[in-house]
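# Summary of the model geometry
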Amino acid sequence: MADTADDLSTPLGQKTARRKRRFRLPISPMQALAVVLGLFLIAFAGFALFGDNPLGGEPVAHIAWRAKPSDETAPAAPGTAADHPAPVAPKNPTQSEQRTITIIDGSSGKRQDIVIGGEVQDKAQDKAQDKAQDRAQQPGEKAESDPAAPSVMAGVDARLLERTRYGMIPIATESLKSSSAYAAPVDAARAAKMPVISIVIGGLGVGAAKTVDAIMRLPGAVTLAFTPYGSELTKLAERARAQRHEILLQIPMEPYDYPDNDPGPQTLLATLGAEQNLERLFWHLGRLQGYAGIANFMGARFVATDVAMQPIVREAARRGLAYFDDGSAPRSVAAALAQSQAMPFAKGDVAIDVVPTAGEVDRALARLEDIAKERGFAVGTASALPVSIERIAAWTKALEPRGVLLVPLTSVMLKSKSS
């Protein structure tokens, strides 16, 4: 082996220790750690993307669903109608059907059988049944009798009701409509000869005390308009009709400053399509029964939007309802649309309690009288404020001696139509 320079300079007979070369890594320890972590993350990502277990180690319970055989699945005798079975509607899970489920613990493998009865419902199936019912019963079709149908309010004609998923809503027959069936009685002969006034008290149903006050203190010829909200609507409406009041249902509609000024849930909006607004209308119609017509509740923007109002007025007319416009929106298209549908219609002339003081209410009532004597009819609107009820009740007692007759709203609708 060749001698190095160190070997030549070393004294004879002595060995020098060779220097050991240190092994050096091509990269630093920190860089090596970073490489290892990177490889680990790549492997984890690959497992997550391509592995067979997307739950990533979460506990899993496997359920085996076994339906017990019922009479419906039993084989039929040859030659019977079962040889050519008709389509069968999905079975309602509320029936007496029982099923057994087996729960398997994903970690321990423990199995447990549980029998569940027919009272357990599946939400998806409920939704499917609702859709099937909607398809089977189109708007305008009379619902078949059903022992589970909602109860009908006292004095309400069941022939004028259609059962929907929103409740019982009005429907007209060939010879009968709600606008005439639920019109309060009136002396038609006297109403034809005298100027007439109708008063509509709105915003009822929310606040039982003020609603009862209006029902009991005001004469039966005063028309009462209920909002679709309130916990005792049916009870209060029945009491109003028992006192011979004609009633209306107010439909919340979009004002210009919506949603800062919000009429309430299920408000009809000018920005929604006709189908969505009709669904909301049906929701409101199902809150109450026995009303002669509908009225706007707020809604200055909605009633001024022709494309939004058209399907609402058309549907209300088809269902035999009258329409009352409270007169708060000067640009309302309700009058023209109601006329095109030949439906009973009236519009408010004077808002009686804009300024809720006794003096201002009395002046508004005097102005209402002047309109009636000049035109033959007039309509005033008010809320159920204590001062409004007190002054209107006192005013009505002296109205007829002054040559003016107080009548329900439907009487004004008939008189205005013939004028």
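Sequence order as written defines the numbering, with residues in each chain counted from 1. Only residues with pLDDT of at least 70 are given local features in this predicted model, and only at 80 or more are side-chain atom pairs given and counted; all residues enter the totals for whole chains, interfaces and linings. Excluded from the side-chain calculations are hydrogens and water; all other atoms, namely the structure's heavy atoms, are used.

Further remarks concern the overall build of the protein chain. Secondary structure elements follow DSSP: runs of H or I no shorter than four residues count as helices, runs of E no shorter than two count as strands, and numbering proceeds from the N terminus. Looking only at helices and strands, one finds 14 helices and 14 strands in the protein chain. Whether two residues are in contact is decided by their heavy atoms, any of which lying within 4.5 Å being enough. Here the analysis covers contacts within the protein chain between residues at least 6 apart in sequence; of these, 68% occur between residues at least 24 apart.

Let us now look at helix H7 (residues 233-242). Partly exposed describes any residue whose relative accessible area lies between the buried limit of under 20% and the exposed limit of over 50%, with all areas from a 1.4 Å probe on protein chains only and scaled to the type maximum. Within the sequence span of H7, burial applies to Leu-233, Leu-236, Ala-237 and Ala-240. Looking straight down H7, one finds its buried side chains confined to an arc of 100°; they lie on one side. Of the residues in H7, the exposed ones pointing more than 90 degrees away from the buried face are Lys-235 and Ala-242. Those residues of H7 that are buried are in contact with helix H6 (208-217), strand S7 (223-226) and strand S8 (247-253). Directly beyond the C-terminal end of H7, a positive phi value near 70° is found at Arg-244. Relevant arc is that of directions from the helix axis to the C-beta atoms, nothing else.

On to the pattern of salt bridges. A pair is scored as a salt bridge if a Lys or Arg side-chain nitrogen falls within 4 Å of a carboxyl oxygen belonging to Asp or Glu. What the rule picks out here adds up to 13 salt bridges. The salt bridge partner of Asp-213 is Arg-217, with a shortest N-O separation of 3.8 Å. You can see Asp-213 and its partner Arg-217 sitting in helix H6, four residues apart, about one turn around the helix. A relative accessible area of 25% places Asp-213 in the partly exposed class. Counted as one network, the salt bridges with shared partners bring together Glu-162, Glu-315, Arg-318 and Arg-319.

Okay, the confidence of the model for the protein chain next. Averaged over the protein chain, the pLDDT score is 79; the fraction of residues at 70 or greater is 68%. Note: pLDDT gives the predictor's confidence per residue, expressed from 0 to 100. Within the model, the stretch residues 53-60 combines pLDDT values under 50 with four contacts to residues more than four positions away or in other chains.

The next thing to look at is the environment of Glu-374. Along the chain, Glu-374 falls in helix H12 (residues 358-375). When the C-alpha atoms of Glu-374 and Pro-195 are compared, they prove to be 8.4 Å apart, with 179 residues separating the residues in sequence.

Relative to the helices and strands, Asp-325 is located in strand S10 (residues 322-325). Although Asp-325 lies buried, it forms no salt bridge, and the closest oppositely charged side chain, Lys-347, sits 5.4 Å away as judged by the N-O distance. A 3.5 Å cut-off defines polar contacts: any pair of N or O atoms within that distance qualifies, except that in protein one atom must be a possible hydrogen donor and the other a possible acceptor, and neighbouring residues in sequence count only when both atoms are side-chain atoms. From its side chain, Asp-325 meets the backbone nitrogen of Gly-327 in a polar contact 2.8 Å long. A polar atom in the side chain of Asp-325 sits 2.5 Å from the side chain of Ser-332. Aside from chain neighbours lying at most four places away, what touches Asp-325 is Asn-296, Ser-332, Ala-334, Phe-345, Ala-346, Lys-347 and Gly-348. All tallies of charge rest on Lys and Arg as positive and Asp and Glu as negative; His and the ends of each chain are not included.

This brings us to the nonpolar core. By size, the foremost hydrophobic cluster in this structure holds 72 residues, and its most contacted members are Ile-199, Ile-201, Leu-285 and Met-309. Per element, the largest residue contribution to this core is six residues, and it comes from helix H10 (residues 306-318). With near-sequence residues (within four places) excluded, Leu-285 lies in contact with Met-168, Ile-169, Pro-170, Leu-249, Ile-251, Tyr-291, Ile-294, Arg-319 and Leu-321. Within the second largest apolar cluster, 17 residues are counted, among which are Ala-191, Val-200, Leu-248 and Met-413. Nonpolar cores are built from buried Ala, Val, Leu, Ile, Met, Phe, Trp, Tyr and Cys residues. Side-chain atoms within 4.5 Å join them into one set.

Burial analysis of strand S13 (residues 377-383) places six of its seven residues in the buried class, the great majority of the element. The rule for pairing is simple: two strands pair if DSSP sees at least two bridges between them. Where strand S12 (residues 350-351) meets S13, two bridges bridge the pair, whose relative direction is parallel. Among the inter-strand pairings, Ala-351 is bridged to a residue of S13, identified as Thr-381. In this view, the connection linking S12 to its parallel neighbour S13 by way of H12 has right-handed handedness. Crossovers are marked right-handed if the path from the first strand over the helix to the second runs clockwise, as seen with the strands pointing away from the viewer.

Attention now moves to the packing of aromatic side chains. Two rings from Phe, Tyr or Trp (for Trp, the six-membered ring) form a pair when their centres sit within 6.5 Å of each other. Planes less than 30 degrees apart are called stacked, planes more than 60 degrees apart edge-to-face, and all others tilted. The full count for this structure, using the stated rule, is one aromatic pair. Plain terms: the ring middles of Tyr-323 and Phe-345 are 6.3 Å apart, the flat faces sit at 5° to each other, and that makes the pair stacked. Linking Tyr-323 in strand S10 with Phe-345 in strand S11 (residues 345-347), this pair joins segments that are 22 residues apart in sequence. Per residue, the accessibility class of Tyr-323 equals that of Phe-345, and both read buried. Charge-over-ring contacts are defined here by two conditions on Lys NZ or Arg CZ: a distance within 6 Å of the ring centre and an angle within 35 degrees of the ring normal. Geometry around Trp-283 places Arg-287 over its ring, the cationic atom sitting 4.5 Å from the centre.

Here the bond from Tyr-258 into Pro-259 is cis, since omega is 5°, no more than 30 degrees from zero. Mapped onto the secondary structure, Pro-259 falls in the loop between S8 and helix H8 (274-285). The backbone phi angle of Met-298 is positive, close to 65°, even though this residue is not glycine. Relative to the helices and strands, Met-298 is located in strand S9 (residues 293-298). The exposure class of Met-298 is partly exposed, given its relative accessible area of 25%. A positive phi angle, close to 55°, is found at Ala-342, a residue other than glycine. One can find Ala-342 in the loop between helix H11 (334-340) and S11. The class of Ala-342 is exposed, set by a relative accessible area of 53%.

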